[in-house]
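# Coordinate inspection notes
These are the residues of each chain, in order.
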Amino acid sequence: MSVQNVLNLIKEKNIEWVDFRFVGLSGKAHHISLPATEVDEETFVNGVAFDGSSIAGFRGIEQSDMVMMPDPETAYVDPFTAHPTLVIMSNIHTPEGERYDRDPRSIAQKAEEYLQTTGVGTTAFFAPESEFFIFDDVRYENGMNKSYFEVDSEEAGWNTGRKEEGGNLAYKVPVKGGYVPVAPVDSQQDIRSEMCNKLADAGLRIERHHHEVATAGQAEINFRFDTLTKTADNLLKYKYIVANTAREYGKVATFMPKPLFGDNGSGMHVHMSIFDGSEPLFYEKGAYANLSEMAINYIGGILYHAPALIALTNPSTNSFKRLVPGYEAPVNLVFSKGNRSAAVRIPIAAVTPKGCRIEFRTPDSTANPYLAFAAMLMAGLDGIKKKIDPRALGYGPFDTNIYEMSDAEKAEIRSVPGTLDEALDALAADSDFLIEGGVFTQDFIDNYIELKRGEAKAVAIRIHPHEYNLYFDC
C-alpha cells in the first residue's frame, strides 16, 4: 500500500485517528495516535517523534529524542476502537535520520537484506504457530508479605466440582485432554472464530483454528506464511486481536509459555524455508524427508547455535518452566521427520516441493518476533555458509520417541539451556553469527543481555510460595 493509498483509505473509511506503532525490545507494541487531519504525505517523510528513554533498553535520557518512520504497507483498520482508527507500524530512526540499530523491526529487515547478499536465495518465509490460553479470571500479586497467582476457567479440569455456575454443566477439559474435542467439551469455538474473522478483516489469511492439548482453554490459530518482517508484523497484529477479542468476551488471553503447573505449555513453533525467486531451495525428492543439503545445513546452523539462539527465541524466565520433559516440550536438540519430541521437525504429511520446510519447535511467544526470526535466519545461514552437517555432530535424525529412550541413550543428546541465565551465557559466548553483515550489533547484544539478566535477577531474588512448603518448618 502506497502513502497515497493510505491517505485515500483514511477518507474512504472516515478514519478519525491514525495510530502509529513500534515495537520495543520485549516484543510489546507501543503507540502514539494522531488526528487523521494531521496526517499527510509529510508525516511519512518526517515521521512521528517520541521519547526513547521511556522504552526499556532503548536510549538514555540524554539522547531521548527518537522518530517513528511509518511503513504504509502495514496499515489496517483497528477493529476495536469506538472512533475509527488506522494502525500503521513504524521503524525507529535517530533524529539525524539514521536507522536505529536497537530497533527490532530494522534488525529483521537487515536480516532479509543480508540474505540477498549471500547468494543463497532471495526470500526467507516464516510461519509461526503461536499457542495461547483463554482464561475467565486471572489474579496475581507480589509484595513483601505475599506472593501468589490464581487463574480460573470454566473449561478447567479442576472445576468438575464447581458450584458457582448455578449448576455445574460438566464437560470439563481433562489435564492433557484438550486436543481438538468437539463441543460441548470445546466451549470456545465461537470466540476463536470471532478472532479469526477479525484477523482476516485485518489482512491475515487464516488457515485453521482449534483447541489445544492443555486444559483451561488452550488454543491455536494458524495464519498463512509470509516473508520475515511481514510475518513478524502479522504476529503482533495476531496477538493484539486475540487479546482484545478475548476482552470483548469478558475473558483474558495470554501467550505466557507456562501459566499452569502440571499441563502443557504454549509454544510458538516456527516454520521456515528459503526460496530463490519462485524456486524452493529446501526440497530434494527422495532425500531424507525430501530435504536438500542446503536445508540440512540450515538445520545444522539452528541446532549448533541453539543454546545462544534460545536467549532470543525463549527470552523469559517462564520459558524454562515450559522447557521440561513430559509435556511435549521440544527440549532435545536433534532433528527428525514428523517427530514432535525433536527441537527441529520436518513436516512430511501433504507437503509439496514449495511447502517443504523445517519447523523449529522450541520458541515461545514471549519472543520478540523480529529478533527471533532474524536470529533463526542468521543461524541457518551460518549453517549453510559453513556446511554444518547435523548428522555428523550427533543431532540426528532421531525418528523414535526420545521421551521413551533410556537415560543412557538420552545422555547422548544435547538439551536446551535450563534457565534464562544459561541461555544468556551461551549468547554472550556465541554471537558472531548474529553480527555477520551488521544485522545485529555488539552494542545491541550487550544491551539485550544486560536487560534480560535484570529480569532473571528480579525473579530469582523473590520468595516463591513453594519455598514455604519446602522450608517453613526446617
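Per an unreviewed UniProt entry, the chain goes by Glutamine synthetase and derives from Paenibacillus alginolyticus. Check the Subcellular location (unreviewed entry) section of the UniProt entry for the chain; it says "Cytoplasm". UniProt, in the comment section headed Catalytic activity (unreviewed entry), describes the chain in these words: "L-glutamate + NH4(+) + ATP = L-glutamine + ADP + phosphate + H(+)".

## As for the packing of helix 4 (residues 189–201) against helix 5 (residues 228–248)
Their axes nearest at 9 Å, the elements helix 4 and helix 5 cross at an angle of 135°. The orientation of helix 4 relative to helix 5 falls into the category oblique. The two elements helix 4 and helix 5 meet at a crossing, and its hand is right-handed. Contacts from Ile191, Glu194, Met195, Lys198 and Leu199 in helix 4 reach Lys237, Tyr238, Ile241, Val242, Thr245, Ala246 and Glu248 in helix 5.

## Some remarks on the side chain of Asn159
Position of Asn159 among the secondary structure elements: in the loop between strand 9 (147–152) and helix 4. From its side chain, Asn159 meets the backbone oxygen of Ser153 in a polar contact 2.8 Å long. Contact partners of Asn159, with chain neighbours within four places excluded, come to Asp152, Ser153, Asn168 and Lys172.

## Section: the pairing of strand 17 (residues 342–346)
Most of strand 17 is tucked away, with five of its five residues classed as buried. Across four bridges, the pairing between strand 16 (residues 332–337) and strand 17 is parallel. Following the sheet pairing, Phe335 is matched in strand 17 by Val344.

## Describing the packing of aromatic side chains
Throughout the structure, instances matching the rule amount to 17 aromatic pairs. Ring geometry for Phe125 and Phe275: centres 5.2 Å apart, planes at 85°, overall edge-to-face. Remark: Phe275 occurs in strand 14 (residues 268–276) and Phe125 occurs in strand 7 (residues 123–135); sequence separation between them is 150 residues. For the pair shown, Phe125 and Phe275 are each scored as buried. Taking 5.3 Å as the distance between ring centres and 45° as the angle between the ring planes, the aromatic pair formed by Phe132 and Phe255 counts as tilted. With Phe132 in strand 7 and Phe255 in the loop between strand 13 (252–254) and strand 14, this residue pair connects regions lying 123 residues apart in the sequence. Across the pair, Phe255 and Phe132 agree in class, each one buried. Three or more aromatic residues link up through ring pairs in this structure, and these residues are Phe22, Phe50, Phe58 and Tyr100. Its guanidinium or amino end placed over the ring of Tyr240, Arg21 lies 4.2 Å from that ring's centre, counting from NZ or CZ.

About the cut-offs
- Residues numbered from 1 in each chain as written.
- Predicted model: local features only at pLDDT ≥ 70, side-chain atom pairs only at ≥ 80, totals over all residues.
- Heavy atoms only, no water.
- UniProt positions renumbered as here; feature names shortened; annotations may be inferred.
- Axes fitted to C-alpha atoms, helices over the stretch in contact; angles between N-to-C directions.
- Helix = DSSP H or I, 4+ residues; strand = E, 2+ residues; numbered from the N terminus.
- Parallel < 35°, antiparallel > 145°, perpendicular 65-115°, else oblique.
- Left-handed = near helix turned anticlockwise from the far one by under 90°.
- Contact = heavy atoms within 4.5 Å.
- Polar contact = N/O pair within 3.5 Å; in protein donor to acceptor, adjacent residues only side chain to side chain.
- Buried < 20%, exposed > 50% of the residue type's maximum accessible area, 1.4 Å probe, protein only.
- Pairing = 2+ DSSP bridges.
- Phe/Tyr/Trp six-rings, centres within 6.5 Å; stacked < 30°, edge-to-face > 60°.
- Lys NZ or Arg CZ within 6 Å of the ring centre and 35° of its normal.

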